[in-house]
Amino acid sequence: MRFALSEPLRPNEVKEVVLPARSRFRLYHQWTGWNVFVPRDASELTVRFQSASAAEVDLYIRRGADLPGPTLRDGQAPRIDAAFKSTNPGASETITIRRDSTLRLANDVYFIALGVPPTATEIRGTLSTAIRRSGIVKARPPALTFVAPVGSDPAPQTVRLTLETDVPLRYSIESSAPWITASPTEWAQAGNGTAEIVIAANGAGLLPSLYDGRVSVASFGAQDGTSGEPSAEVGIPLAFTVLPSKGSEIRRVNAARIAIRPQDGETYGAGEMVEVAVDFFDPVQVTGKPALALGIGSRTRLAAWDQAPRVGPCGEEAETLTFRYIVQADDQDTDGISMAENALVLNGDTIETAGEPAEELALALFDNDPEHKVDGSKATQPELSSLRIRSRPQDGVSYGAAEVIRLGVEFGQFVVVAGNPTLLFAVGSDLRSASFDQLSPNGRELSFVYSVQAGDADADGISVLAGALAFGLNGATIRSMAGAEAALDLGRHAVDNDPEHKVDGSKLTALAVTGVSIQSRPQDGVSYGAGEAISGNVQFSQPVEMTGSPTLSLTVGRSIRRAALSSLGDKNLWFRYLVQAGDADADGISILAGALALNGGTIRSAAGADAAIGLGRYADDDDPEHKVDGD
């Protein structure tokens with residue numbers, strides 16, 4: 001059997017295993033082994049190897065890291081959590097780890113390896129895993145939103161829990177804020193089934209603002225009551241918007257909320273980012289570089305405004321400002337971060353909303369948030385929080401030659417990348433390497449890209465295996481702001497044969513238009529005058545190769561004006577037109593479906609597929625933000 005990186009093994013899945021004859025002891029792990037992810041609500045993990053051959057096979061399991069070294073000599077023992085060494089050729093044996101075992105079962109990735117002493121014949125067998133789940137596996141809906149005028153209570157809402165267990169359990173509910181109530185708060189239940197809880201938000205005493213909260217439902221062994229560590233837990237986030245009463249003269253209060261939880265769920269370590277979002281009732285305008293004062297222990301720390309673009313795709317201004325602070329080594333707060341009502345620090349800068357100066361903008365404070373503690377003495381290791389395939393096949397079926405596959409690997413905290421890591425993934429039976437493209441603006445997601453080659457083929461869909469990032473570092477480093485090396489194993493985020501991402505490099509996928517836009521703005525904010533440049537952009541689905549001089553026709557009033565090509569960049573063609581005296585369009589210029597003209601030239605993909613140059617649904621009629629007055 002051929003393996004590519006540590007292979008995910010799903011619960012109740014049976015893998016056929018063929019181990020070739022060898023003259024020396026061989027340990028199948030790392031590139032040639034398996035891994036299984038244990039969910040938080042699991043109570044038992046069983047791994048079983050059944051040999052169909054008359055030969056000895058050793059079974060090893062280790063939690064959270066692979067077994068060391070490429071090979072081991074006969075009799076040399078790897079560092080392991082649990083192991084089985086068969087005593088009878090052809091035996092079937094298992095390793096079982098439970099929550100109450102000496103080596104306790106944990107919510108983690110477990111690596112599985114097979115050790116084979118010298119053998120003159122190949123060994124055949126099966127490898128399988130089984131996971132017993134015990135507790136809460138789903139909550140629907142997963143989050144709740146309440147809205148009510150000041151002084152009123154919104155209608156309660158019901159959450160349905162799906163429970164999977166083979167033992168009697170007790171369930172307990174805790175709320176993160178006094179304005180949240182849930183019923184029942186405790187109950188006992190045996191076996192699989194469902195349960196319903198009713199959650200209410202109480203508006204008494206709350207000022208107009210946006211409030212965030214959480215209900216936690218935990219399951220415990222029946223014999224332990226509700227003491228000890230839960231076997232499973234699910235959190236249900238709540239958002240409660242308290243609206244001002246009509247005609248109210250209550251001072252406007254704007255809500256601040258911590259937008260990113262600590263990586264371990266409760267306490268930020270050195271290098272982790274505290275991100276606070278301030279939600280205003282109206283769009284805001286900012287001058288300068290305001291900050292937000294946070295109470296961390298006995299100290300005041302300033303979170304800086306991130307200055308992200310505040311204009312949306314339709315030109316609207318943002319109603320939320322984000323402030324960020326990186327935890328330092330000497331920061332300590334065992335009660336949780338707090339923020340006072342006068343937390344906005346302006347230093348001569350301004351934040352204005354609805355014509356009010358910043359001094360009149362009050363913030364709804366939070367005090368010692370227990371879910372956001374700080375311990376700068378620990379440099380928290382960045383952990384993977386998600387792996388996403390960001391692209392889609394253009395035809396909705398499979399990627400063709402020269403199409404770009406884009407993958408994103410996100411960490412639970414801000415990371416610093418040095419060098420050029422790659423991400424390995426499987427296309428059919430071959431390994432391919434996606435190149436590092438960029439680090440996202442939020443500082444947590446690495447983007448990787450790969451251009452499909454003519455010989456690539458995968459009818460089942462690409463796979464991204466657990467060691468894909470670790471084996472593709474190429475000397476690069478991924479660390480936290482405090483210098484802690486990132487955990488690179490993809491674990492449960494590994495992808496196995498994703499059917500929505502098949503590959504057929506033998507086909508030429510048509511080069512298609514994916515967007516048309518006018519990137520310039522009138523200088524006076526109203527209309528372009530004579531001599532001003534109108535800049536248009538046409539975006540394609542793949543990188544573009546071009547010959548000749550294409551043009552983009554702009555309809556200005558009743559006249560057609562041709563914008564000339566100004567630059568070519570990867571997937572984009574840029575066009576530019578200088579407004580002439582006499583040009584006029586009071587409704588805004590239009591770009592019609594047939595506006596892109598080749599003029600005897602060509603626009604093709606890197607694989608040689610001609611572009612479909614019709615603009616179709618991307619055509620734009622009478623854009624009111626791009627009026628023209630050439631007089």
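Look up a bit, the structure's there.
Definitions and limits used
Residues numbered from 1 in each chain as written. Predicted model: local features only at pLDDT ≥ 70, side-chain atom pairs only at ≥ 80, totals over all residues. Heavy atoms only, no water. Core = buried A, V, L, I, M, F, W, Y, C linked by side-chain atoms within 4.5 Å. Buried < 20%, exposed > 50% of the residue type's maximum accessible area, 1.4 Å probe, protein only. Helix = DSSP H or I, 4+ residues; strand = E, 2+ residues; numbered from the N terminus. Phe/Tyr/Trp six-rings, centres within 6.5 Å; stacked < 30°, edge-to-face > 60°. Pairing = 2+ DSSP bridges. Salt bridge = Lys/Arg side-chain N within 4 Å of Asp/Glu carboxyl O.

Side chains that are nonpolar tend, in soluble globular proteins, to be buried together. The biggest cluster of nonpolar side chains holds 29 residues, and the ones touching the most others in it are Leu 161, Ile 199 and Val 217. For this core, the secondary-structure elements that each account for two or more residues are β11 (135-140), β12 (144-149), β13 (157-164), β14 (169-175), β15 (180-183), β17 (193-201), β18 (209-221) and β19 (232-243). Counting residues in each nonpolar core, the second largest holds 28 residues, with Leu 407, Leu 469, Ile 478 and Val 495 among its members.

This brings us to the packing of aromatic side chains. Aromatic ring pairs are reported here in terms of the distance separating the ring centres and the angle at which the planes meet. Within this structure, the stated rule accounts for six aromatic pairs. The interplanar angle of 75° and the centroid separation of 6.5 Å between the aromatic rings of Phe 146 and Phe 240 together place this pair among those described as edge-to-face. Within this pair, whereas Phe 146 is found in strand β12, its partner Phe 240 is found in strand β19, the two being separated by 94 residues in sequence. Residue classification places Phe 240 among the buried positions, given a relative accessible area of 0%. Members of the aromatic cluster, joined through ring pairs, are Phe 146, Trp 179, Tyr 211 and Phe 240.

So, on to the pairing of strand β46 (residues 551-556). If a strand is regular, its side chains alternate between the two faces of the sheet. Counting buried residues along β46, six of its six residues qualify, which places the element largely inside the surrounding structure. Connecting the antiparallel pair β46 and strand β47 (residues 559-569) is a turn made up of two residues, with Gly 557 showing a positive phi of about 65°. Pairing analysis gives two bridges linking β46 to strand β50 (residues 596-597), with the strands arranged antiparallel. What sits directly across from Leu 552, in β50, is Leu 596.

Turning to the pattern of salt bridges, a few remarks are in order. By the definition in use, this model includes 22 salt bridges. Here Arg 160 makes a salt bridge to Glu 196, at a shortest N to O gap of 3.3 Å. Here Glu 196 lies in strand β17 and Arg 160 lies in strand β13, a separation of 36 residues in the sequence. Each of the salt bridges in this network shares a partner with another, and the network as a whole consists of Arg 388, Arg 390, Glu 410, Arg 444 and Glu 445.

Nothing here speaks to function; it is all geometry.
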